[in-house]
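# Coordinates in review
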Amino acid sequence: MLQEKKLCFSIESDKPNSAYLLSNEIINMLKDYADINQLVILCIGTDRSTGDCLGPLVGDKLTKNFNLKGVNIYGTLENPVHAKNLDDYIDLIYKKHFDPYILAIDASLGKVENIGKINLYEGPIFPGAGVNKKLSPIGNLSITGIVNMSGFMEYLILQNTRLSLVMKMADVISYSLYLSIKRLSINSSFTLR
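Residues numbered from 1 in each chain as written. Predicted model: local features only at pLDDT ≥ 70, side-chain atom pairs only at ≥ 80, totals over all residues. Heavy atoms only, no water.

### So, the sheet that holds strand β5 (residues 100-110)
The condition that has to hold: Paired strands, as defined in this entry, are two strands with at least two bridges between them according to DSSP. Only DSSP runs of H or I covering at least 4 residues are called helices, and only runs of E covering at least 2 are called strands; the numbering of each starts at the N terminus. Axis lines are fitted through C-alpha atoms, for helices just across the contact stretch, and the angle between N-to-C directions can take any value from 0 to 180 degrees.
Read across the sheet, six strands follow the order β1-β6-β7-β5-β3-β4 without closing on themselves; strand pairing throughout is mixed. Looking at the sheet topology across the chains shown, the edges are occupied by β1 (6-12) and β4 (71-74). Averaged over all neighbouring strand pairs, the angle between strand axes comes to 20 degrees, with direction disregarded. Relative to β5, strand β3 (residues 38-43) runs parallel, the two sharing six bridges. Bridge pairing in β5 places Val40 opposite Ile102.

Below, the structure is given as C-alpha cells:
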C-alpha cells in the first residue's frame, strides 16, 4: 500500500543553484537506502500538451544527455507515459524489476504564486489530479513542477503554458537527478544493480 505524500522540499526553478540544492535534498532522501535493488525513474506526461510535457522532457534529457548506468528510465518525448498507458507501464515495471524504488516525476497545477516551483515529496505522485482524473498513484519519492495555475479550465491552462518555463524546470530536475545519482554512487554505501 502506498503512503500519502509528504512535502519534503520546495524550490523556485530559477533560483541560483536550484539543481544543486534539489540534488542535496534528493540525496538526503535516498542515502538511507544503502542498497536500492532497482532504481526506476518514471517520467509522466504527454508531448501533446506544453504544460504536461515536463515528465517526458526530463526523461528525454536523462536518456540523451547523461550516462546513468543502473538506472531505469521510463517516459520520454518519443515514448511518453501518460493517462492511457500508465497502468501498463506500472505493470511492466513491477514485472521487469524486482523490488523497484520508483522516483516519479510529473507536472502539476497550483497557486499563481507557486508557478515555477519544484516540489520533492516522500510518497507517490497522483497523476491527473490537476485535471480531475483518477489515475493510479505511483512512486516512493516524487517530484512535481508547478507549471501553471489551477482552478478553472485546467486542460486549456495546460495547453497555454509557456514552454520556456517547462524547459527550465526540466533542465533543473534532470540535472539534479544526474548529480544525485552520481554523488550517491561514489559513496560506497549506495549501490545500483
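### Here we look at helix α3 (residues 86-96)
Condition: Between buried and exposed lies partly exposed: a residue is buried under 20% and exposed over 50% of the maximum accessible area for its type, with that area taken using a 1.4 Å probe on protein chains only. It is the directions from the helix axis to the C-beta atoms whose arc is reported. Contacts are assigned to residue pairs that have any heavy atoms within 4.5 Å of one another.
What α3 keeps buried is the set Leu86, Tyr89, Ile90 and Ile93. Down the axis of α3, the sector holding all buried residues measures 105 degrees, keeping them to one side. Summarising the geometry of α3, the exposed residues directed more than 90 degrees from the buried face are Asp88, Lys95 and Lys96. Considering only its buried residues, α3 is in contact with β3, β4 and β5.

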